[in-house]
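One-letter residues, chain by chain:
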Amino acid sequence: MRDKFRGKDFLALMDFTKEEVAYLLDVAADLKKKWTMREPHEYLRGKAYAMIFEKKSTRTRNSFHAAAARLGAQSFYLRPDELQVSRGEPIKDTARILDRYFDGLYIRTFGHEIVEEFAYYMKNPVINALTALAHPCQGLADLLTIKEKKGDFKGIKICYAGDIYNVCHSLMIGASMFGMDMYIATPKGYGADPKVVEVAKKHAELSGAKIVFTEDFDACLKDADVVYGNTWHSMGENELQKEQRIKDFGPYQINMDAMRKAKKDAIFMHCLPGFRGEDMTDEVIESTQSVVWDQGENRMHTVAAVMVATAI
Ligand code: CP
Ligand code: NVA
C-alpha cells in the first residue's frame, strides 16, 4: 500500500478508496502509539515541507508543524502576502519553484481548483489543509476518533449540525465509505456540493450507509452515536452571510437538550473552532460526552500518517 501513496497528493477523501483510507488510519494509529510510548519515529529526517495558509488556523497549521518536528522533518510557513503570488506571479510558476526546494506542500486556501493546480505542477505531494470543497485531514482525524471511541464504524449513526461545507463533505465521504449513517440537519435553502453527494451516494450503495439531509433535527438526533457540530459561518464567503446564517441555523444548536435526544452514550464531536452560544453551548463542549480534545489531538497523528505515506 505504501507504494500506492508514494508521491501522491492528498486533496480529498473522495480521491481514495476505502482500503486506502483504512490504511492511513492504521498508519495514524501506529504513529500515535509510538508517540504515546515515546518511541522514536523520525521517518522523515532531513525532509523539508512548505506551508501556505490563506485562511486562519490553530489546529491544522500547528498540528502539521508538530507532526513534522516529531517525524524529524522541518516545516516552513510561507506567508501568502510575502510570496510573489500576491503580486500576480502565477500559481503554476510558484508551484514549480517550490517543488524544487521542498519535499511537499501543505496548503489552506479558498477554491479547490487552487490546490489542484499546485498538485498538477508539483511532483512532490500536495496536502489539502482545507478548501471550500474538502477538509480531508479533518475527515481522517474524525474517522480515527470515531473508531477509537466507538470501537468500529458498523452501525454508527452520526447527527451532523453546522455549515454544510468542507468538514461536512469530508465526513460524508468517510461515513459513506465505512458504512456509517449520517443525518445532516439542513435548514431550508442549504445543501451539500452535488459532486460530493454523488460520490457519497455511490459509496453508500456499497457500504449500506444512509446519507440523509433533513430539516428535522430531532430525526437527526434520534439514536445518534455521534453528535457532530461545526460553525454556521465558515471562513470566507459564508462568513459574509453571518447574520442570516445565525438566523437560519439557530434551531439547530447543539445544547444539552439536543444531546439528551441522542443515545445516552453519544459523543460530542466538533472540528473546532466552535462558537459557544451559537452552534453549541459551553455545557456541551465541557461535558463528559465531549471528545473534542482527543479529536483535536488526532489531527496531529493523522496528518503525520499522510506525510509518512505520501513522502517520496
Ligand atoms: N479544525 C480546524 O481545521 O481548525 P483550524 O481552523 O484551527 O485549523
Ligand atoms: N467549516 C469551517 C471549518 C474550520 C476548520 C470553515 O471552513 O471555516
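Rules used in this analysis
Residues numbered from 1 in each chain as written. Chains lettered and ligands numbered in written order. Predicted model: local features only at pLDDT ≥ 70, side-chain atom pairs only at ≥ 80, totals over all residues. Heavy atoms only, no water. Pairing = 2+ DSSP bridges. Helix = DSSP H or I, 4+ residues; strand = E, 2+ residues; numbered from the N terminus. Axes fitted to C-alpha atoms, helices over the stretch in contact; angles between N-to-C directions. Phe/Tyr/Trp six-rings, centres within 6.5 Å; stacked < 30°, edge-to-face > 60°. Buried < 20%, exposed > 50% of the residue type's maximum accessible area, 1.4 Å probe, protein only. Lys NZ or Arg CZ within 6 Å of the ring centre and 35° of its normal. Near = heavy atom within 4 Å. Polar contact = N/O pair within 3.5 Å; in protein donor to acceptor, adjacent residues only side chain to side chain. Areas by Shrake-Rupley, 256 points an atom, 1.4 Å probe, with all protein chains shown as cover. Nonpolar A, V, L, I, M, F, W, Y, C, P; charged D, E, K, R; others polar. Contact = heavy atoms within 4.5 Å. Core = buried A, V, L, I, M, F, W, Y, C linked by side-chain atoms within 4.5 Å. Salt bridge = Lys/Arg side-chain N within 4 Å of Asp/Glu carboxyl O.

Asks: Teacher, can you tell me more about the sheet that holds strand β6 (residues 181–185) here?
Replies: Within a sheet, adjacent strands bond to each other through the backbone by hydrogen bonds, running parallel or antiparallel. Spatial strand order, β7-β6-β5-β8-β9: five strands in an open sheet with parallel pairing. Across the chains shown, the open sheet's two edge strands, defined by having one partner strand only, are β7 (211–214) and β9 (267–270). Taken over all neighbouring pairs, the strand axes of this sheet differ in orientation by 20° on average, direction set aside. Strand direction decides the pairing type here: β6 and β7, joined by four bridges, are parallel. Following the sheet pairing, Met182 is matched in β7 by Ile211.

Asks: For this particular structure, what's the right way to read the packing of aromatic side chains?
Replies: The geometry of an aromatic ring pair is captured by two quantities: the separation of the ring centres and the angle between the planes. Per the stated rule, a full pass over the model turns up 15 aromatic pairs. Look at Phe5 and Phe16: their rings are 5.6 Å apart centre to centre, the planes differ by 10°, and that puts the pair in the stacked class. Pair noted here: Phe5 is in helix α1 (residues 2–5) and Phe16 is in the loop between α1 and α2 (18–36), with a separation of eleven residues, a long-range link. Like Phe5, the residue Phe16 is buried in the burial classification. Each ring, one from Phe5 and one from Tyr23, has its centre 5.4 Å from the other, and the planes form 25°; the classification is stacked. One end of the pair, Phe5, is in helix α1; the other, Tyr23, is in helix α2, with 18 residues separating them in the sequence. Given a relative accessible area of 1%, Phe5 falls into the buried group. The ring of Tyr77 has Arg61 sitting right over it, with the charged end atom 3.5 Å from the ring centre. A cation over a ring is seen here: Lys157 above Tyr183, with NZ or CZ 4.0 Å from the ring centre.

Asks: I would appreciate a short explanation of the side chain of Ser290 in the present structure.
Replies: With respect to the helices and strands, the residue Ser290 is situated in the loop between α13 (282–285) and α14 (292–310). On the basis of relative accessible area, Ser290 is assigned to the buried category, the value being 14%.

Asks: I'm lost on the site of ligand 1 in this one. Help?
Replies: Residues in close proximity to ligand 1 include Lys56, Ser57, Thr58, Arg59, Thr60, Arg108, His135, Gln138, Cys271, Leu272 and Arg299, which together make up its full environment. Here an oxygen atom of ligand 1 sits 2.9 Å away from a polar atom, N or O, in the side chain of Arg108. Residue Leu272 places a main-chain N or O atom 2.9 Å away from a nitrogen atom belonging to ligand 1. Protein chains bury 95% of the 260 Å² of accessible surface belonging to ligand 1 in isolation. Considered class by class, the residues forming the shell around ligand 1 number two nonpolar, five polar and four charged.

Asks: For this particular structure, what's the right way to read the site of ligand 2?
Replies: Neighbouring residues of ligand 2: Leu130, Tyr165, Asn166, Val167, Asn230, Thr231, Ser234, Met235 and Leu272. Within the side chain of Asn166, an N or O atom sits 2.9 Å from an oxygen atom of ligand 2. Contact between ligand 2 and Ser234: a nitrogen atom at 2.7 Å from a side-chain N or O atom of the residue. Residues of the shell around ligand 2, tallied by class, amount to five nonpolar, four polar and no charged.

Asks: In this structure, what is going on with unusual backbone geometry? I would like to understand it.
Replies: The bulk of non-glycine residues show a negative phi, and the bulk of peptide bonds are trans. Looking along the chain, the bond that leaves Leu272 and enters Pro273 is cis, with omega of 5°. In this structure, Pro273 sits in the loop between β9 and α13. The backbone of Arg38 shows a phi angle near 60°, a positive value even though the residue is not glycine. Note on placement: Arg38 falls in the loop between α2 and β1 (48–53). Look at Arg38 and you get exposed, because its relative accessible area is 62%. Phi is positive for Asp223, which is not a glycine, with a value near 60°. The exposure class of Asp223 is partly exposed, given its relative accessible area of 42%.

Asks: What am I meant to see in the sheet that holds strand β4 (residues 126–128) here?
Replies: The strand order across the open sheet built from four strands is β2-β1-β3-β4, with neighbouring strands paired in parallel fashion. Two strands close off the open sheet at either side, each with one partner strand: β2 (74–77) and β4. Strand-to-strand, the axes of this sheet are offset by a mean angle of 25°, without reference to chain direction. The sheet contact formed by strand β3 (residues 104–108) and β4 spans three bridges and is parallel. Looking at the pairing, Leu105 lines up with Val126 of β4. Packing against the sheet, helix α5 (residues 112–121) makes contact with β1, β3 and β4, and its axis sits at approximately 165° to β4.

Asks: Sorry, what's going on with the nonpolar core here?
Replies: Within soluble globular proteins, side chains that are nonpolar tend to cluster in buried spots. In this structure, Phe10, Tyr106, Ile158, Met172, Met182, Tyr228 and Met307 are the most contacted members of the largest nonpolar core, which totals 72 residues. Considering every element that reaches this core, the biggest residue donor is α14, with eight residues. Beyond its immediate stretch of four places on either side in the chain, Met307 contacts Leu44, Tyr49, Phe64, Ala67, Ala68, Leu71 and Ile127.

Asks: Where do I start with the pattern of salt bridges in this structure?
Replies: Think of it this way: side chains of opposite charge can pair up when their charged atoms draw near. Within the structure shown, the criterion is met by 21 salt bridges. For the salt bridge of Lys150 with Asp265, the shortest nitrogen-to-oxygen distance reads 3.8 Å. Placement of Lys150 in helix α6 (residues 136–150) and of Asp265 in the loop between α12 (256–261) and β9 is noted, with a sequence separation of 115 residues between them. Asp223 serves as the salt-bridge partner of Lys222, at 3.4 Å between the closest nitrogen and oxygen. The network of salt bridges with common partners includes Lys4, Lys8 and Glu20.

Geometric values such as these leave the question of function open.
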